[in-house]
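Each chain is listed here by its residues.
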Amino acid sequence: MNLDRVIAVRNNKTVYRDGDRCIKVFQEGFSKADVLNEALNLARIEETGLPIPKVLEVTMIDGKWAIVYEYIRGETLAQLMEKNPDKKDEYLEMFVDLQLTIHSQTCPLLNKLKDKMNRKISQADLDATTRYDLHTRLEGMPKHNKVCHGDFNPSNVVISEDGKPYILDWSHVTQGNASADAARTYLLFWLNGDIDGAKKYLDLFCKKSDTAKQYVQKWMPIVAASQSVKGNEKEREFLLSWVNVVEYE
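From a predicted model like this one, the values you see are computed outputs, not experimental measurements.

1. Comments concerning the packing of aromatic side chains
If you walk through the whole model with that rule in mind, you get ten aromatic pairs. Look at Phe26 and Phe30: their rings are 4.8 Å apart centre to centre, the planes differ by 35 degrees, and that puts the pair in the tilted class. An identical accessibility class is assigned to Phe26 and Phe30; each is buried. Ring centres 5.9 Å apart and planes at 85 degrees place the aromatic pair Tyr186 and Trp242 in the edge-to-face group. Within this pair, whereas Tyr186 is found in helix α6 (residues 178-191), its partner Trp242 is found in the segment after α9 (233-241), the two being separated by 56 residues in sequence. Per residue, the accessibility class of Tyr186 equals that of Trp242, and both read buried. Here the aromatic cluster, defined as three or more aromatic residues joined through ring pairs, consists of Phe95, Phe152, Phe189, Tyr201 and Phe205.

Right, here's the structure in full:
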């Protein structure tokens, strides 16, 4: 395998391109269970028929675990939005339509979103009273079993050279409530500094899915708290500032 061409560097992993293949190499000591679980989730999502790069193999390279999958030649929606700001609304429409396509699927063997969130809230840097409140709010939210991407943002959608969209990075996929997934995407726009994009996204998502905006907003403190256990200090501060943003009856 040729590991000369780096195409992305993320926490604990580096993605290389080798011809028509991508190789995601995890840092030494990364959990074997997490790597195998990610590959398994990718295979399960592949079976739903959603447009994703196919997994080709799981292997070890120089003592590090790696997942090999198809390379999709094209540009991300984030790159296209930056290159063609006049077309941003059009790209946002496509983006939301893709997310609704994801939410239209079920995949019964995926981990449950609520279980993952409960676990993350328990680890959050919050006092016991706030954690209890968040656990209670989460328990009171409706239980759904839709496929939720968990990190759906414009840099995780590639438009191939023939114009077909592909959805990348399924390492956070779960089954659960679509509005929680939308709340996560909204916060990702904010984290990226695109406040206007966040507002337009939320309006569009609620309109196309016929969801009350207040309902998605109810998820935001819960999602922000569960996401605050990873990322850098600045991100953590930002996410924790959302925990009490929405008042509850």
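2. Some words on the packing of helix α4 (residues 113-123) against helix α8 (residues 213-227)
With their axes 8 Å apart at the nearest point, α4 and α8 run at an angle of 65 degrees to one another. Relative to α8, the crossing made by α4 is left-handed. Here α4 contributes Met117, Lys120 and Ile121 to the contact with α8, which in turn contributes Trp219, Ile222, Val223, Ala225 and Ser226. Each residue belonging to the contact of α4 with α8 can be placed in one class, and the counts come to six nonpolar, one polar and one charged.

3. Observations regarding the pattern of salt bridges
If you walk through the whole model with that rule in mind, you get 15 salt bridges. Arg137 is the salt-bridge partner of Asp133, the closest N and O atoms lying 2.8 Å from each other. Remark: Arg137 and Asp133 occur in helix α5 (residues 128-140); sequence separation between them is four residues, near one turn of the helix. In this structure, the salt-bridge partner of Lys200 is Asp196, at a minimum N-O distance of 3.7 Å. A residue pair is termed a helical-turn pair when its members lie 3 or 4 positions apart in one helix, as Lys200 and Asp196 do in helix α7 (residues 195-209) at four residues. For Lys200, a relative accessible area of 35% puts it in the partly exposed group. The exposure class assigned to Asp196 is partly exposed, which follows from its relative accessible area of 47%.

4. Topic: unusual backbone geometry
Positive phi values are uncommon outside glycine, yet Asn12 reaches one of about 70 degrees. Mapped onto the elements of the fold, Asn12 is located in the loop between β1 (5-10) and β2 (13-18). By relative accessible area, Asn12 is classed as partly exposed at 35%. Even without a glycine there, the phi angle at Asp62 is positive, about 50 degrees. Summarising the element assignment, Asp62 is placed in the loop between β4 (55-61) and β5 (64-70). For Asp62, a relative accessible area of 70% gives the class exposed.

Criteria and thresholds
- For every chain, the first residue of the written sequence is number 1, and numbering continues from 1 onward in sequence order.
- Two thresholds apply to this predicted model, a pLDDT of at least 70 for residue-level local features and 80 or more for giving and counting side-chain atom pairs, whereas whole-chain, interface and lining totals are computed over all residues.
- Excluded from the side-chain calculations are hydrogens and water; all other atoms, namely the structure's heavy atoms, are used.
- In this scheme Phe, Tyr and Trp rings, the latter by its six-membered ring, pair at centre separations within 6.5 Å, and the angle between planes marks the pair as stacked below 30 degrees, edge-to-face above 60, and tilted otherwise.
- For the exposure calls, accessible area comes from a 1.4 Å probe over protein chains only, and a residue counts as buried if that area is under 20% of its type's maximum, exposed if over 50%, partly exposed in between.
- In DSSP terms, a helix is any run of H or I states spanning at least four residues, a strand is any run of E spanning at least two, and both are numbered starting from the N terminus.
- Helix axes are fitted to C-alpha atoms over the stretch in contact, other axes to C-alpha atoms as well, and angles between N-to-C directions run from 0 to 180 degrees.
- The sense of a crossing depends on the near helix, which, turned anticlockwise from the far helix by less than a right angle, makes the crossing left-handed and, turned clockwise, makes it right-handed.
- Contacts are residue-level and defined by heavy atoms, with any inter-residue pair within 4.5 Å sufficient.
- The nonpolar class holds Ala, Val, Leu, Ile, Met, Phe, Trp, Tyr, Cys and Pro. Asp, Glu, Lys and Arg form the charged class, and all remaining residues, Gly among them, are polar.
- The salt bridge criterion pairs a side-chain nitrogen of Lys or Arg with a carboxyl oxygen of Asp or Glu, the two atoms within 4 Å.

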